[in-house]
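# Observations on the three-dimensional arrangement
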Amino acid sequence: MPFYDGTKILSLKDIDGFDPDLYLCTSNRSAGKTTFFGRWFVRRYIKQGEKFVLLYRWGYELQDVATKFFNDLEPLFFPGYKMTDKQRHKGIYTELFLTPPDSDSPQTCGYALALNKADQIKKVSHIFNDVQRMLFDEFMPETGEYCSNEIEKFYSIHKSIARGHGEQVRRVPVYMISNPVTILNPYYAALGISDRLNADTKFLRGRGWVMEQGYNDSAKQAEEQSGFYKALGGTKYGAYGAQGVYLSD
């Protein structure tokens, strides 16, 4: 089945011709965005030792991160590998460990952080100075509930991570994925995307960022064949899930 392939957006330069620090990707549900980037992050760690950060919004989401992130990836792409996690510094962050097949030695592969803990993370920023990339799934929540001053907290966490190794600022790209909830979300507004986006936009570039507005027809057809969609597909949420229609607009 033709699932999402992020090769195109990963190859793009920003509007000034530089490597972007923000990659934003949206599409209808079940297209495979989370799986593509999750697999890529883990493979980069296995092959290159490049650690990563999984970014969440609220502190309670830092529990059972390994299960949420790795349960679907392991049987498909990493059979025999085991991912575990442990909360550190009284729950300020979660450390992730990956154990190869036939090994009893788990190694730190990354961390999970919450936007709402930006101030506390700043105090332990030295721990993350070898992180190479960040993944922010569901940057547009369906509930519309964002942190207070979320953009500032997002900026603060990135600044805490993008330091160290003798550099004042390291390049630590963030891969932001979501289903299309609203073009009026704070990230689109801050980047000027809301004013430039239209229904037939596929790729968009700005200063320091690139964006993909995708659509997976295979996911749509699979959804429309289900009895649940046949019963409730005429609702606003049905159009959002299958067709990629912005939920709140």
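The structure under discussion appears in the preceding block.
I will try to describe carefully the structure that is included in this document. (Residues numbered from 1 in each chain as written. Predicted model: local features only at pLDDT ≥ 70, side-chain atom pairs only at ≥ 80, totals over all residues. Heavy atoms only, no water.)

### Remarks on the sheet that holds strand β6 (residues 131-137)
The criterion, for reference: The pairing criterion is simple: DSSP has to find at least two bridges between the two strands. The helix count covers DSSP runs of H or I at least four residues long, the strand count covers runs of E at least two residues long, and both are numbered beginning at the N terminus. Each axis is a line fitted through C-alpha atoms, and for a helix only the stretch in contact is used; angles between axes span 0 to 180 degrees, taken between their N-to-C directions. Contacts: residue pairs with any heavy atoms within 4.5 Å of one another.
Strand order across the open sheet formed by nine strands is β3-β4-β5-β2-β6-β7-β1-β9-β8, with mixed pairing between neighbours. Edge positions in the sheet fall to β3 (82-88) and β8 (203-206), since each of these pairs with one other strand and no more. On average, each strand axis in the sheet is inclined to that of its neighbour by 20 degrees, with strand direction left out of account. Pairing of strand β4 (residues 93-99) with strand β5 (residues 107-114), which is carried by five bridges, proceeds in the antiparallel orientation. By the bridge assignment for β5, L96 is matched with G110. Packed onto the sheet, helix α6 (residues 150-161) meets β1 (22-26), β2 (51-56), β5, β6 and β7 (174-178) and runs at close to 160 degrees relative to β6.

### Describing the pairing of β7
Condition: Under the scheme applied here, a residue whose accessible area is under 20% of the maximum for its type counts as buried, over 50% as exposed, and between as partly exposed, the area being computed with a 1.4 Å probe on protein chains only.
Where burial is concerned, most of β7 is hidden: five out of the five residues are buried. Where burial is concerned, the two faces of β7 agree: the one with V174, M176 and S178 and the one with Y175 and I177 are both buried. Examined bridge by bridge, β1 and β7 share five bridges and lie parallel to one another. Its bridge partner lying in β7, L24 is registered against M176.

### Notes on the pattern of salt bridges
Note the threshold: The term salt bridge refers to a side-chain nitrogen of Lys or Arg lying within 4 Å of a carboxyl oxygen of Asp or Glu.
Scanning the model with the defined rule gives eight salt bridges in all. For D19, the salt bridge is made with K13, and the minimal N-O distance between the two is 2.5 Å. Between R207 and D16 there is a salt bridge, and its shortest N-O distance comes to 2.9 Å. With a gap of 191 residues between them, R207 in the loop between β8 and β9 (209-213) and D16 in the loop between α1 (7-10) and β1 connect regions that are remote in the sequence. Accessibility expressed as a relative area gives 70% for R207, which makes it exposed. Looking at D16, the relative accessible area reads 38%, which means it is partly exposed. Several salt bridges share partner residues, and in doing so they unite R44, E50 and R133 into one network.

### A closer look at the nonpolar core
The cut-off we apply is this: Among the buried residues, those of types Ala, Val, Leu, Ile, Met, Phe, Trp, Tyr and Cys that are joined through side-chain atoms within 4.5 Å form a nonpolar core.
Judged by nonpolar contacts, the single largest core of 36 residues is most densely connected at L113 and F128. Not counting the four nearest positions on each side in its chain, F128 is found in contact with Y93, Y111, L113, I121, I161 and R170. C25, L62, A66 and F70 belong to the second-largest nonpolar core, a separate cluster that totals 30 residues.

### What about the packing of aromatic side chains?
Just so we agree on the cut-off: What counts as a ring pair is set by centres within 6.5 Å for rings of Phe, Tyr and Trp (its six-membered ring), and what kind of pair is set by the plane angle: stacked under 30 degrees, edge-to-face over 60, tilted for all other angles. Two thresholds decide whether a charge sits over a ring: the Lys NZ or Arg CZ must be within 6 Å of the ring centre and within 35 degrees of the ring normal.
Under the counting rule described, the total for this entry stands at 21 aromatic pairs. Measuring from ring centre to ring centre gives 5.9 Å for F139 and Y187, while their planes differ by 85 degrees; the resulting arrangement is edge-to-face. Linking F139 in the loop between β6 and α6 with Y187 in helix α7 (residues 186-191), this pair joins segments that are 48 residues apart in sequence. Owing to a relative accessible area of 0%, F139 belongs among the buried residues under this scheme. Since its relative accessible area comes to 3%, Y187 is described here as buried. K8 extends its terminal NZ or CZ atom over the ring of F203, reaching a point 5.7 Å from the ring centre. In this structure, R133 is placed above the aromatic ring of F41, and the distance from its NZ or CZ to the ring centre is 6.0 Å.

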